[in-house]
Amino acid sequence: MFNIDKETFKKDYEEKFIEMHGKDLHEGTDYNKYEALASLTRDYVVKMWINTNKKYNFTGEKQVYYFSMEFLLGRLLGNALINLGIKDICREALSDFNINLDSLEELEEDQGLGNGGLGRLAACFLDSMASLNIPGHGCGIRYKYGFFQQKIVNGKQIETSDYWLKNANVWEIKKSDKAQVVRFGGEVTTINEDGHLRFNHTGYEAILAVPYDIPVIGYENEVVNTLRLWSAEPLYDEFDFSSFSRGDYLKAIEYKNSIEAISQVLYPDDSFYEGKILRLKQQYFFVSAGIQSIIRHFKAYGKGTLKDLDEKIAIHINDTHPTLAIPELMRILMDEEGYGWNEAWRITSNTISYTNHTILAEALEKWPVEMFEKLLPRIYMIVEEINRRFCQELWNKYIGQWDKISKMSIIADGYVRMAHLAIVGSYSVNGVAKLHTEILKKQEMSDFYYFNPTKFNNKTNGITHRRWLMGANPELTDFLKETIGSGFIKHPTDMEAFAAYAMDKSVQERLHQIKLSNKKKLAEYIKINQGISVNPDSLFDVQVKRIHAYKRQTLNCLRIMDLYRRLIENPNLDIVPRTFIFAGKAAPGYYLAKNTIELINAVANKINNDPKVNEKIKIVFMHNYRVSLAETIIPAADLSEQISTTTKEASGTSNMKFMMNGAVTIATLDGANIEIRDEVGDENIIIFGLTEREVLDYYQKGGYSATDMINGDYRIKQVTDDIVNGFYCGDKERFRAVYEHLVTYNDEFFVLKDFHSYLKAQDKVDNLYRDFSKWQSMCAVNIAHSGIFSSDRTIQEYATGIWGSGFLYKNL
Ligand code: 26W
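Computed from a predicted model, the values in this text were never measured in an experiment.

So, the environment of Met503
Step number 1: One can find Met503 in the loop between α21 (487–490) and α22 (505–530).
Step number 2: Between the C-alpha atoms of Met503 and Ser773, which are 270 residues apart in sequence, the distance is 7.2 Å.
Step number 3: Residues in contact with Met503, not counting those within four places in the same chain, are Gln508, Ser773 and Ser777.

Points about the sheet that holds strand β17 (residues 415–417)
Step number 1: Strand order across the open sheet formed by 3 strands is β15-β17-β16, with antiparallel pairing between neighbours. Every interior strand has two partners, whereas the edge strands, β15 (366–368) and β16 (411–412), have only one.
Step number 2: Two elements, β16 and β17, share 2 bridges in a ladder whose sense is antiparallel. In the sheet register, Ala412 faces β17, and the bridge partner there is Tyr415.

Looking at the packing of helix α12 (residues 341–351) against helix α14 (residues 377–397)
Step number 1: Axis separation between α12 and α14 bottoms out at 13 Å; the angle between their running directions is 90°. In terms of orientation, α12 lies roughly perpendicular with respect to α14. Each of Trp341, Asn342 and Trp345 in α12 lies in contact with α14, whose residues at this interface are Ile382, Glu385, Ile386 and Arg389.
Step number 2: By residue class, the composition of the contact of α12 with α14 is 4 nonpolar, 1 polar and 2 charged.

As for the site of the ligand
Step number 1: Surrounding the ligand, one finds 23 residues, the nearest of these being His357, Asn461, Glu649, Ser651 and Gly652.
Step number 2: At a separation of 2.8 Å, an oxygen atom of the ligand approaches a polar side-chain atom of Asn461.
Step number 3: Measuring from an oxygen atom of the ligand, one finds a backbone N or O atom of Ala650 at 3.3 Å.
Step number 4: Relative to its unbound accessible area of 580 Å², the ligand is 95% covered by the protein chains.
Step number 5: Among the elements that line the shell around the ligand, the one with the most residues is helix α6 (residues 117–131), at 3 residues.
Step number 6: Considered class by class, the residues forming the shell around the ligand number 8 nonpolar, 9 polar and 6 charged.

A short note on the sheet that holds strand β21 (residues 578–583)
Step number 1: A sheet is described by the order of its strands in space; here 6 strands give the open sequence β22-β21-β20-β23-β24-β25, paired in parallel fashion. Each edge of the open sheet is held by one strand with a lone partner, namely β22 (617–622) and β25 (686–687).
Step number 2: Looking at chain direction, strand β24 (residues 664–667) and β25 are connected through 2 bridges and run parallel. In the strand pairing of β25, Ala667 is matched with Ile687.
Step number 3: Sheet strands in contact with helix α23 (residues 553–569) are β20 (539–544), β21, β22 and β23 (639–642), and its direction is about 150° off that of β21.

Considering the pairing of β20
Step number 1: Burial runs high along β20: 6 of the 6 residues are buried.
Step number 2: Here β20 shows two buried faces, one formed by Leu539, Asp541 and Gln543 and the other by Phe540, Val542 and Val544.
Step number 3: Pairing between β20 and β21: 6 bridges, direction parallel. Note that in β21 the partner of Phe540 across the bridge is Thr579.
Step number 4: Where the polypeptide runs from β20 across α23 and back to β21, its parallel neighbour, the crossover connection is right-handed.

Considerations on the packing of aromatic side chains
Step number 1: A full pass over the atoms with the stated rule returns 31 aromatic pairs.
Step number 2: Ring geometry for Phe688 against Tyr758: centres 5.0 Å apart, planes inclined by 40°, an arrangement best described as tilted. Here Phe688, found in the loop between β25 and α28 (692–701), pairs with Tyr758, found in helix α32 (residues 751–770); they are 70 residues apart in sequence, far enough to count as distant. Of the two residues, Phe688 and Tyr758, neither departs from the other in class, the shared state being buried.
Step number 3: Arranged with centres 5.0 Å apart and planes meeting at 35°, the rings of Tyr698 and Phe750 form a pair that is tilted. Of the two residues, Tyr698 sits in helix α28 while Phe750 sits in the loop between α31 (736–742) and α32, which places them 52 residues apart along the sequence.

Quick look at the side chain of His785
Step number 1: Topologically, His785 is positioned in the loop between α33 (772–784) and α34 (791–803).
Step number 2: You can call His785 buried: its relative accessible area is 18%.
Step number 3: Beyond its immediate stretch of four places on either side in the chain, His785 contacts Glu496, Ala499, Met659, Glu679 and Val680.

Observations regarding the nonpolar core
Step number 1: The biggest cluster of nonpolar side chains holds 142 residues, and the ones touching the most others in it are Phe9, Tyr13, Phe67, Phe285, Phe372 and Trp803.
Step number 2: Of all the elements, helix α9 (residues 277–301) adds the most residues to this core, at 10 residues.
Step number 3: For Trp803, the residues in contact, after removing those within four places along its chain, are Lys62, Val64, Tyr66, Met129, Ala314, His316, Ser353, Tyr427, Ile795 and Tyr798.
Step number 4: One finds Cys557, Tyr704, Phe755 and Ala761 within the second-largest nonpolar core, a separate group that totals 76 residues.

Thoughts on the environment of Glu569
Step number 1: Positionally, Glu569 belongs in helix α23.
Step number 2: Glu569 sits in the exposed class, given a relative accessible area of 64%.
Step number 3: In this structure the C-alpha to C-alpha distance between Glu569 and Tyr301, which are 268 residues apart in sequence, comes to 75 Å.

Let's talk about a nonpolar patch on the surface
Step number 1: Judged by side-chain polarity, Tyr249, Leu250 and Ile253 come together as a nonpolar surface patch covering roughly 300 Å² of accessible area.
Step number 2: Structurally, Ile253 is set in helix α8 (residues 249–260).

Remarks on the packing of helix α30 (residues 714–724) against α32
Step number 1: Close contact between α30 and α32 brings their axes to 11 Å; oriented N to C, the two are set at 110°. Compared by their axis directions, α30 and α32 come out roughly perpendicular. Taken as a pair, α30 and α32 cross one another with a handedness that is right-handed. Here Arg715, Ile716, Val719 and Thr720 of α30 lie close against α32, whose contacting residues are Leu752, Phe755, His756 and Leu759.

Focus on helix α24 (residues 591–608)
Step number 1: End to end, α24 covers 26 Å across 18 residues, agreeing with the expected 26 Å (1.5 Å per residue, within 8%).
Step number 2: With 15 of 18 residues buried, α24 is to be regarded as a mostly interior element.

Description of the pairing of strand β14 (residues 352–355)
Look at any regular strand and the pattern is simple: side chains alternate between the two faces of the sheet.
Step number 1: Burial along β14 is two-sided: Ile352 and Tyr354 facing one way and Ser353 and Thr355 facing the other are all buried.
Step number 2: As paired strands, β14 and strand β18 (residues 428–431) are joined by 3 bridges and run parallel to one another. In the sheet register, Ser353 faces β18, and the bridge partner there is Ser428.

Scoring rules and cut-offs
The numbering scheme is per chain: residues are counted from 1 as the chain's sequence reads. Given that the model is predicted, a residue must reach a pLDDT of at least 70 before its local features are reported, and side-chain atom pairs must reach 80 or more before they are shown or counted; all residues, however, enter totals for whole chains, interfaces and linings. Computation of side-chain values covers all heavy atoms of the structure but excludes hydrogens and water. Helical segments are the DSSP runs of H or I of at least four residues, strand segments are the runs of E of at least two, and each set is numbered from the N terminus. By the convention used here, residues are in contact when the closest approach between their heavy atoms is within 4.5 Å. Only strands that DSSP links by at least two bridges are regarded as paired with each other. Simply put, an axis is a line fit to the C-alpha atoms, just over the touching stretch for a helix, and the angle between two N-to-C directions goes from 0 to 180 degrees. Angle categories are assigned with fixed cut-offs, so that under 35 degrees is roughly parallel, over 145 is roughly antiparallel, 65 to 115 is roughly perpendicular, and the rest are oblique. Each residue is assigned to one class: nonpolar for Ala, Val, Leu, Ile, Met, Phe, Trp, Tyr, Cys and Pro, charged for Asp, Glu, Lys and Arg, and polar for all the others, Gly among them. Near is defined per residue: the residue qualifies when any heavy atom it owns lies within 4 Å of the molecule or strand. Pairs of N or O atoms within 3.5 Å make up the polar contacts considered here, provided that, within protein, one atom can donate a hydrogen while the other can accept it, and that residues adjacent in sequence are counted only when both atoms are side-chain atoms. All accessible-area figures derive from a Shrake-Rupley calculation using a 1.4 Å probe, and residue coverage is judged against the displayed protein chains alone. Summary of the burial criterion: residues with accessible area below 20% of their type's maximum are buried, those above 50% are exposed, and those between are partly exposed, where the area comes from a 1.4 Å probe applied to protein chains only. A clockwise course of the path from the first strand over the helix to the second, judged with the strands pointing away from the viewer, identifies a crossover as right-handed. Aromatic contacts are taken between Phe, Tyr and Trp rings whose centres are within 6.5 Å, Trp giving its six-membered ring; a plane angle under 30 degrees counts as stacked, one over 60 as edge-to-face, and the others as tilted. The nonpolar core is taken to be a set of buried Ala, Val, Leu, Ile, Met, Phe, Trp, Tyr and Cys residues, with the residues joined through side-chain atoms within 4.5 Å. The patch calculation keeps residues exceeding 30% relative accessible area without a salt bridge and links them within 9 Å when they carry like charges or within 5 Å when they are nonpolar (Val, Leu, Ile, Met, Phe, Trp, Tyr). Each salt bridge in this description consists of a side-chain nitrogen of Lys or Arg and a carboxyl oxygen of Asp or Glu lying within 4 Å of one another. Working rule for handedness: look at the near helix, and if it is turned counterclockwise from the far one by less than a right angle, call the crossing left-handed; if clockwise, right-handed. Expected span, for any helix, means 1.5 Å times one less than how many residues it has.

Below, the structure written as structure tokens:
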């Protein structure tokens, strides 16, 4: 374990500061001080990083590569200090210089290279792999612009660019010597050389992929793994200089820009697939660079031949976005390494595993054949051959069943279906929560499941407790240590011991005080950043996540609108005072989601300016939701809103973060909510809404009518009317999209159907909250049972159940 005393740290810090900034510490700006601290921390890490790599090269143990289009890391400094085990020393040392560690941490830009759940999961997994001594590395894209920044102007979302690299990024190291060349376009000709087919690729555009490595620090174990992000650059000697020599300066610049465009920006879509050629380029770009660098490294250090690749290396693809890893590995094994098809296929399909994160049909990637073939001619040939052989196999098993075969085919109706390619080319397919995996097996991917049942498995998601508990909620962490000891930090399920204290009055009081202190901090943040005063003694009711119809922010909003009507009718209505907190970004092209934000803001504006109800309710839509904001909001929540239409949320992960921080959950039986319920018991969670069966019946048999719901129920009629009658905003048309989705288009997410059951559940919340002891005991039980949702458990399951990695460590 890394060890340093306070005096040495102080000396190192002062020296680092002077060396970096050429002035004395007391002359520095806060940002200078942050830079010096981050840079010093990185220096401490670098030696361990080198040693870890040496160890991996020496032992030859199995390496895992986690391929993902997104890594939503957030800030790195605080997490690095925790994992190095020097946060307390650092805090004390800095305070001797009159520097506050927390305020330096807040100066760091979030590294926001992801949309939401899938990207954050990848980040949690990296943290867990390093902390569990698993040789596991990330591979992705170094987007110049991360996920957009959200501003709210007149209640509307405005997107601005996220130029997160405007200040030097101390956490990355550019490795120019490890650059790879990636080829696009051109023609492929086949040559027969002594009975062997050779593929000659000409006329392509070659692009340089340059890696930037970021250290991934394990918790107090001196392991430092690598997150390698690729950036696109032109291959100067192939094009630019010739342009210059022709004097065609502008053309050269344009060309340079078109190349750099590949790693320029993260697509801000989650759950809507759009067939944009640049996205396909991005996918092949990082996958090809990643696979080439793995093979290069394996050949330099591997203990064996490429024949044994599947024993030495596991490649995991995070959703279908990196699926081209399959044909790319085939290409390298066959065209560059001389393997025949069967051997290359055995190696590839035993090396790659795949996680599915969504069953929403509109999110499934499929690329037009024409586009695919033109951009990636050799890769397309390989995909065609994979498909030809797969369909042959299907034909042998399902003779004459054309419908089934065309349903399962990888290429059909002019498209390449990436999920089918991912399933066929990998040895393991997993869902991210029990229900989700069952739906994959029995419905969405049932043909594939029945064709090959052993491939399918479940790995319920998790979150790293090092960031989401220790980092975000130090007060609660200290209290847990005091009460049950520190064992839970290395073994999160040890938190179960805390359940024994659920009824203990002094424990309940402390939990309440800790929550209150977090709520006060959030209230202060809200006051400073959004100018709204909220009461920390009110119940903080929180829904923070991407804005999407299936997540049903509208249901929450309608219930607030209903409550407001009831308060107007009866100002003495006896309710628990609440602060409703929303946050989340809408995809820029998703009109309904943007309109939902407008509605929430209009409702907030009206209610917050009505003194008759302000003692009882307030609403805040917090701007620019991101990892660091989540770290401030989640520890302050009393109630966690997990209200998606049953079957639609694959897992959810914020549900786990809230629970670990002692919030009570109000939820539908969807995704991992079900497993949370199983852990805490029915009495410690509030469940409502349609069941899986009821939802599926509606989809299969029909029968849901929004108009009937409105006509048969005056409260539903009132709240839906209030969307379009000018009550919240003079412009009656303003929220038309929300209304039409709910009513005219007969809302496929059944908001109105779940409305009353949600209202009842919210009344139950009030009653429980009024009973101090009952509520606090629920919070305690939730914390106690959250350990199983640490991503350490999830990663342990991936390592033993899918990758076959991490065994070396276990045998030591
Ligand atoms: C092609 C556009 C696109 C981009 C991203 C489609 C789909 C995605 C992701 C699969 C969306 C996503 O983040 N899914 C979420 O993954 C989390 C981690 O497993 C789950 O907890 C969430 O339930 C799921 O919505």
